[in-house]
Amino acid sequence: ARQLAKITQNFSEHVLDGRQAFKLIVTEEEQLAGLPSSSKEAARAQAKKREGVDEQAWLFTLDQTSYGPVMNYLDDATVREKMWRASSVIGREEERNNLPIIAEILNLRGRRSQLLGFDHFPDLTLSRRMAKTGLNALHFVEDLHSKSKGFFKKEIQELEQFRAKELGLEKAVPLEPWSFAYW
């Protein structure tokens, strides 16, 4: 139990350190089009506070109060892409790689579950919950996926068509991951 607690803490620290390590400084105000003024003011204050920058600059981080408004409102897809790409590699950077930690957590959880008489960790976790077993939970998720997949695809197509119309494109093109929240 101690070993599991320790490596779970390491996992969390890697995530936190990765989020805190990233910063994006924007120096061209036109790149901030679409961003709410409160978010621009907060980014400007962060640039002054964390970087001591007195000239025109805005600092964005992966904290939700910074990341969320950028992904939802910022017109500049290049900035949104930088933020998304930074967020998508948290816990996978060389110095904060969580992949071996995940494997060890799964191994320890599996061993603990078997010691307590369960075949798998989900069975242990769900034994007192409505699903009761990992297999029941998996069937539920697979059923939900099969029932919602068509609706999801239709909604994405509508969103891509809307974007094409708004941008004056001849045909719809697939949305990039950093554009879903924006559109």
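Reading guide: rules and limits
Residues numbered from 1 in each chain as written. Predicted model: local features only at pLDDT ≥ 70, side-chain atom pairs only at ≥ 80, totals over all residues. Heavy atoms only, no water. Helix = DSSP H or I, 4+ residues; strand = E, 2+ residues; numbered from the N terminus. Buried < 20%, exposed > 50% of the residue type's maximum accessible area, 1.4 Å probe, protein only. Contact = heavy atoms within 4.5 Å. Phe/Tyr/Trp six-rings, centres within 6.5 Å; stacked < 30°, edge-to-face > 60°. Lys NZ or Arg CZ within 6 Å of the ring centre and 35° of its normal. Salt bridge = Lys/Arg side-chain N within 4 Å of Asp/Glu carboxyl O.

Enquirer: Looking at this structure, I do not really get the environment of Gly 34. What am I missing?
Expert: When you line up the elements, Gly 34 lands in the loop between strand E1 (24-26) and helix H2 (37-51). Owing to a relative accessible area of 42%, Gly 34 belongs among the partly exposed residues under this scheme. Distance from Gly 34 to Pro 69, taken between C-alpha atoms, is 9.4 Å for residues 35 residues apart in sequence. Not counting residues up to four positions away in its chain, the partners in contact with Gly 34 are Tyr 73 and Asp 75.

Enquirer: Looking at this model, I keep getting lost on helix H3 (residues 64-73). Mind explaining?
Expert: Since the α-helix advances by 3.6 residues per turn, residues separated by three or four positions end up pointing in the same direction. Buried within H3 we find Ser 66, Tyr 67, Gly 68, Pro 69, Val 70 and Met 71. Contacts made by the buried residues of H3 are with H2, strand E2 (58-60) and helix H4 (77-88).

Enquirer: Would you mind showing me how to read the packing of aromatic side chains here?
Expert: One pair of aromatic rings is described through two measures. These are the centre distance and the angle between the planes. Going through the model one piece at a time under the given rule, you end up with 3 aromatic pairs. Taking the centre distance of 5.2 Å and the plane angle of 90° together, the rings of Tyr 182 and Trp 183 count as edge-to-face. Taken together, the ring pairs in this structure connect Phe 162, Tyr 182 and Trp 183 into an aromatic cluster. Its guanidinium or amino end placed over the ring of Tyr 182, Arg 80 lies 4.1 Å from that ring's centre, counting from NZ or CZ.

Enquirer: For this particular structure, what's the right way to read the pattern of salt bridges?
Expert: Opposite charge on two side chains lets them pair, provided their charged atoms get close. Enumeration over the complete set of coordinates arrives at 8 salt bridges. In this structure, Arg 96 and Glu 93 form a salt bridge, with 3.6 Å as the shortest nitrogen-oxygen distance. Owing to a relative accessible area of 15%, Arg 96 belongs among the buried residues under this scheme. A salt bridge links Glu 95 to Arg 96, with the nearest nitrogen and oxygen atoms 3.2 Å apart.

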